[in-house]
Amino acid sequence: MGSDNSSFVEERSPGDVTVTNFCIDKYEVKNAQFGEFVKATGYVTVAERPLSEEQFPDLPDEQRLPGSLVFEMAKPAVKQVSFLSWWHWTTGANWQHPFGPDSALAQPTAGIVSKSNYPVVHIAYVDIAQTYLNILRQPRNAWTCEVELRPRVEKF
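## Let's talk about a nonpolar patch on the surface
Then step 1. Nonpolar side chains collect at one region of the surface, where Leu 69, Phe 71, Met 73, Trp 87 and Trp 89 lie side by side and expose about 500 Å² of accessible area between them.
Then step 2. For the nonpolar patch, the secondary-structure elements that each account for two or more residues are β1 (67-71) and β2 (87-91).
Then step 3. Mapped onto the fold, Leu 69 is located in strand β1.
Then step 4. Residue Leu 69 is classed as partly exposed on the basis of its relative accessible area of 43%.

This is the structure we're talking about:
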């Protein structure tokens, strides 16, 4: 984790780290695959839903609008408070609009032909779980499914 060659202190290696068991797949879910899932099911991601008034009763309506955090690299001349200041809540950011409502997976005028083969972003665990369980993880047989979904430990 980290890099000892980084000029940012917070990106340097913290030393030895222990990671508990977790699941990881061989392949990422691409925008085109996620789009097929959304088209087939009508699924709406967490980033596309407004925040719940019950969960966030003290937030005004305009702060509960759908959106997600967007990474913005620290500007060299600006002193940053912490690495968290690199992430900004952006209303309208979601898997189809990765940098906010004015962006898209394909932007010919900006020289971006298509990001359909890029990994999907701005999705929550529940979003990807729905994708895998309902559409993309159609196992060849029960044994394959059991092996691929079982938690495993990898040594690096």
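## Examining unusual backbone geometry
Then step 1. Positive phi values are uncommon outside glycine, yet His 122 reaches one of about 60 degrees.
Then step 2. Looking at where His 122 falls in the secondary structure, it is placed in the loop between β2 and α2 (125-136).

## Remarks on helix α1 (residues 31-41)
Then step 1. Buried residues of α1: Asn 31, Phe 34, Gly 35, Phe 37 and Val 38, and no others. End-on, the buried residues of α1 take up no more than an arc of 160 degrees, which puts them together on one face. Away from the buried face of α1 by more than 90 degrees, exposed residues Glu 36, Lys 39 and Ala 40 are located.
Then step 2. Phi turns positive, to about 75 degrees, at Gly 42, one or two residues after α1.

What counts, and at which threshold
Residues numbered from 1 in each chain as written. Predicted model: local features only at pLDDT ≥ 70, side-chain atom pairs only at ≥ 80, totals over all residues. Heavy atoms only, no water. Patch = residues over 30% accessible without salt bridge, like charges linked within 9 Å, V, L, I, M, F, W, Y side chains within 5 Å. Areas by Shrake-Rupley, 256 points an atom, 1.4 Å probe, with all protein chains shown as cover. Salt bridge = Lys/Arg side-chain N within 4 Å of Asp/Glu carboxyl O. Helix = DSSP H or I, 4+ residues; strand = E, 2+ residues; numbered from the N terminus. Buried < 20%, exposed > 50% of the residue type's maximum accessible area, 1.4 Å probe, protein only. Arc of directions from axis to C-beta.

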